[in-house]
Amino acid sequence: MRALSLRSGIFARGTAVILCSQRWCSTEAKTEKSAEEAEASINNTEEVVPLEALQKVEKQLEEAKSKVEQLKKDILYRAADAENARRIGREDVEKAKLYGITSFGKDMLEVADTLEKAIEAFATFTEEELKGNKMLSSIHTGVKLSSKVLLKHMSKHGIEKMGVTVGTKFDPNLHDALVSTPPTDQAPSDHVSNVLKDGYMLKSRVLRAAQVGVSHSG
């Protein structure tokens, strides 16, 4: 009986090993088959994408890039346009200020001319005469001080005296030639020979041209 039982156990274990081997082989075969099927599926998927679809995607990508570049150009153009508008606005404001100052400045030049003529008139008196007459000396000091203060305040608004002198090279953009004189050592030909009224500048613009005499040969 023990021999029969031992044989039966050996037979049972052998049968189990055979069954396990069959199952393992079957599982391995299924795994390999699944891998082959997956690889075949991938290959089939790659083969399914047509060339026309790829070309369409590439075309869409190029169109998107083109739109992005156009948007960049539009942004830069609008930024430049906005900056130009701001610059023009600033220039218009500056021109409006200059126009207002120009009108006022020309009126003040008449006052400056009057004070300058008064100072020139006092130059005919000697220093002893001015010192000997306190009232005359006080008026002289007051006129000079008034002229200095007026020129200082005009300078704050950009109005500056040209300071034209005899011997200055004549410039038709800055000077009005009212008289013609023969040349001299101090005023060669085409130079200022005398100054009737000095000129004034408003920043880079001529507020009033200097009225001068110009020397000419012949």
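As a reminder, the structure under discussion sits directly above these lines.
Residues numbered from 1 in each chain as written. Predicted model: local features only at pLDDT ≥ 70, side-chain atom pairs only at ≥ 80, totals over all residues. Heavy atoms only, no water.

Novice: Just to check I follow, could you spell out the overall build of the protein for this structure?
Specialist: For the protein, the helix and strand inventory stands at four helices and six strands. Counted from the first residue to the last, the protein has its helices and strands arranged as α-α-α-α-β-β-β-β-β-β. Buried residues in the protein amount to 17% of all 218 residues. Considering only intrachain contacts with a sequence separation of at least 6, the fraction spanning at least 24 residues in the protein is 68%. Total accessible area on the protein is roughly 16800 Å²; 59% of this is exposed by carbon and sulfur atoms. (Helix = DSSP H or I, 4+ residues; strand = E, 2+ residues; numbered from the N terminus. Buried < 20%, exposed > 50% of the residue type's maximum accessible area, 1.4 Å probe, protein only. Contact = heavy atoms within 4.5 Å. Areas by Shrake-Rupley, 256 points an atom, 1.4 Å probe, with all protein chains shown as cover.)

Novice: What should I look at first to understand the pattern of salt bridges in this one?
Specialist: Opposite charge on two side chains makes pairing possible when the charged atoms of those side chains draw close. Tallying each qualifying case throughout the model produces eight salt bridges. Put simply, Lys161 and Glu116 hold a salt bridge, and the shortest N to O gap is 3.4 Å. With Lys161 in strand β1 (residues 159–161) and Glu116 in helix α2 (residues 51–122), the pair connects residues that are 45 residues apart, well separated along the chain. By relative accessible area, which is 35% here, Lys161 ends up partly exposed. Classification of Glu116 as partly exposed rests on a relative accessible area of 22%. (Salt bridge = Lys/Arg side-chain N within 4 Å of Asp/Glu carboxyl O.)

Novice: Whenever I open this one, the packing of α2 against helix α4 (residues 134–156) confuses me. Can you help?
Specialist: In a pair of packed helices, the angle between the axes and the distance between the axes together describe the arrangement. Across the interface, α2 lies against α4 with an axial gap of 10 Å and an inter-helix angle of 145°. Read as a crossing pair, α2 and α4 show a hand that is left-handed. Taken together, the residues of α4 that come into contact with α2 (itself represented by Met108, Leu109, Val111, Ala112, Leu115, Ala118, Ile119 and Phe122) are Leu136, Ile139, His140, Val143, Lys144, Ser146, Ser147, Leu150 and Met154. The residue makeup of the contact of α2 with α4, split by class, is 13 nonpolar, three polar and one charged. (Axes fitted to C-alpha atoms, helices over the stretch in contact; angles between N-to-C directions. Left-handed = near helix turned anticlockwise from the far one by under 90°. Nonpolar A, V, L, I, M, F, W, Y, C, P; charged D, E, K, R; others polar.)

Novice: Explanation requested: the sheet that holds strand β2 (residues 175–181) in the structure shown.
Specialist: Strand pairing in a sheet relies on backbone hydrogen bonds, with the paired strands running either antiparallel or parallel. The strand order across the open sheet formed by three strands is β2-β6-β3, and the pairing between neighbours is mixed. With one partner strand each, in any of the chains shown, β2 and β3 (192–197) form the two edges of the open sheet. Between one strand and the next, the sheet's axes are offset by a mean angle of 30°, whatever the strand orientation. Here six bridges tie β2 to strand β6 (residues 210–215), and the two strands are oriented parallel to one another. Bridge pairing links Asp176 to Gln211 in β6. (Pairing = 2+ DSSP bridges.)

Novice: I keep staring at the sheet that holds strand β5 (residues 205–208) and nothing clicks. Help me out?
Specialist: An order of β1-β4-β5 is seen for the three strands of this open sheet, with the pairing classed as antiparallel. Two strands bound the open sheet, and with one partner strand each, they are β1 and β5. When strand polarity is set aside, the average angle formed by the axes of neighbouring strands in this sheet is 35°. Bridge count between β1 and strand β4 (residues 200–202): three bridges; the pairing is antiparallel. Counterpart to Ile159 in the pairing with β4 is Leu202.

Novice: What am I meant to see in the packing of aromatic side chains here?
Specialist: Two numbers describe a pair of aromatic rings. These are the distance of the centres and the angle of the planes. Taken as a whole, this structure holds one aromatic pair when the rule is applied. Ring centres of Phe122 and Phe125 lie 6.2 Å apart, and the angle between their planes is 40°; this geometry places the pair in the tilted category. (Phe/Tyr/Trp six-rings, centres within 6.5 Å; stacked < 30°, edge-to-face > 60°.)

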